[in-house]
Amino acid sequence: MHTHTIDWTHSYKAGPLLPGFFELRKREFVDRKQWQLPSTAVAEWDMYDTPAAVYIIVEMDGQCVGGARIVSTTHHGYGPYTYMLLDAQKGTISGIPPEMLPANLPQSNAVVEATRFVVDPSLPRREVLRAYAMIVEGVKSAARAQVANTALALM
């Protein structure tokens, strides 16, 4: 297994890994968990998947087997959107129970949001745990690269 940090500018270098992440999200969140999320027949993609997002992808044998998305808490997205947890708190989006959210979510260059954590559940349990650990380490490294020292995570 290998971890890749992919941003919009260099996504073409990642080959099938980034599309594979969106496909894995669709299989896990929409097909298996039945979450009502924007999706096509093969991929789940939402309003936070913008050129400002950074993706941590775990690859095994050329395929995406896990990943997460990182967005700065200072990013102002398209339309009314900021970052997922803050938008849920403000009521801009639904589906995240308010009791899961802290009272005062920050908007700071020192804080990133990490969401859409997913690992292929068909992997052996040991590999699932290894992939999650790699994602967390990748999030920490990517946050530091953005000069952030804190990550808000929804897993």
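Counting starts from 1 at the beginning of each chain's written sequence and moves along it residue by residue. Whole-chain, interface and lining totals are the exception, using all residues; otherwise, since this is a predicted model, local features are given only for residues with pLDDT of at least 70 and side-chain atom pairs are given and counted only at 80 or more. Note that water and hydrogens are dropped before the side-chain values are worked out from all heavy atoms of the structure.

Considering the environment of arginine 116
Here is step 1 of the chain: By the criteria applied, helices consist of DSSP H or I runs no shorter than four residues and strands consist of E runs no shorter than two, each listed in order from the N terminus. As for its placement among the helices and strands, arginine 116 is situated in strand E4 (residues 111-119).
Here is step 2 of the chain: Taking the C-alpha atoms as reference points, arginine 116 and valine 42, separated by 74 residues in sequence, lie 16 Å from one another.
Here is step 3 of the chain: Whether two residues are in contact is decided by their heavy atoms: any pair within 4.5 Å suffices. Discounting chain neighbours no more than four positions away, the residues touching arginine 116 are Phe21, Arg25, Phe29, Leu37, Glu44, Asp46, Gly67, Ala68, Arg69, Met84 and Leu154.
Here is step 4 of the chain: The definition of a polar contact used here is a pair of N or O atoms within 3.5 Å, where within protein one atom must be able to donate a hydrogen and the other to accept one, and adjacent residues in sequence count solely through side-chain atom pairs. A distance of 2.8 Å separates the side chain of arginine 116 from the side chain of aspartate 46, its partner in a polar contact.

Section: the environment of methionine 84
Here is step 1 of the chain: In this structure, methionine 84 sits in helix H2 (residues 84-90).
Here is step 2 of the chain: Whether a residue is buried, partly exposed or exposed follows from its accessible area with a 1.4 Å probe, protein chains only, as a fraction of its type maximum: under 20%, in between, or over 50%, in that order. Overall, methionine 84 belongs to the buried group, its relative accessible area being 4%.
Here is step 3 of the chain: The spacing of methionine 84 and methionine 100 is 16 residues in sequence and 13 Å in space, taken between C-alpha atoms.
Here is step 4 of the chain: Beyond its immediate sequence surroundings of up to four residues, methionine 84 is in contact with Asp46, Tyr48, Arg69, Ile93, Ile96, Glu113, Thr115, Arg116 and Leu154.

Brief notes about the pairing of E4
Here is step 1 of the chain: Burial within E4 is extensive, with 9 of its 9 residues counted as buried.
Here is step 2 of the chain: Strand pairing is assigned whenever DSSP identifies at least 2 bridges connecting the two strands. Direction of pairing for strand E3 (residues 63-72) relative to E4: antiparallel, over a ladder of 6 bridges. In the strand pairing of E4, isoleucine 70 is matched with alanine 114.
Here is step 3 of the chain: Sheet analysis places E4 next to strand E5 (residues 150-153), joined by 4 bridges and oriented parallel.

With respect to the pattern of salt bridges
Pairing between side chains becomes possible if they bear opposite charge and their charged atoms approach one another.
Here is step 1 of the chain: Between Lys or Arg on one side and Asp or Glu on the other, a salt bridge is scored when a side-chain nitrogen of the former is within 4 Å of a carboxyl oxygen of the latter. Per the counting criterion, the structure on display carries 12 salt bridges.
Here is step 2 of the chain: Arginine 25 is the salt-bridge partner of glutamate 44, the closest N and O atoms lying 2.5 Å from each other. Residue glutamate 44 is found in the loop between helix H1 (17-32) and strand E2 (54-60), and its partner arginine 25 is found in helix H1; the two are separated by 19 residues along the sequence.
Here is step 3 of the chain: The buried category is assigned to glutamate 44, whose relative accessible area is 0%.
Here is step 4 of the chain: The class of arginine 25 is buried, set by a relative accessible area of 0%.
Here is step 5 of the chain: The closest approach of N and O atoms between lysine 90 and aspartate 87, which form a salt bridge, is 3.8 Å. Here lysine 90 pairs with aspartate 87, and both are found in helix H2, just 3 residues apart, close to one helical turn.
Here is step 6 of the chain: Sharing partners across several salt bridges, the network here consists of Arg25, Glu44, Asp46, Asp49, Arg69 and Arg116.

Re the sheet that holds strand E1 (residues 2-7)
Here is step 1 of the chain: Spatial ordering of the open sheet is given by E1-E2-E3-E4-E5, a layout of 5 strands whose pairing is mixed. In this open sheet, the two edge strands, each paired with only one partner strand, are E1 and E5. The average angle at which neighbouring strand axes cross in this sheet is 25°, direction not considered.
Here is step 2 of the chain: Sheet topology note: the E1/E2 ladder contains 6 bridges and is antiparallel. Across the sheet, isoleucine 6 pairs through a bridge with tyrosine 55, a residue of E2.
Here is step 3 of the chain: Sheet contacts for H1: E1, E2, E3 and E4; angle to E3, the most-contacted strand, approximately 95°.
Here is step 4 of the chain: Axes, fitted as lines to C-alpha atoms, cover a helix only where it is in contact. Angles between the N-to-C directions of the axes lie from 0 to 180 degrees. Those strands touched by helix H3 (residues 125-145) are E1, E2, E3, E4 and E5, and its axis lies near 160° from that of E4.

Geometric values such as these leave the question of function open.
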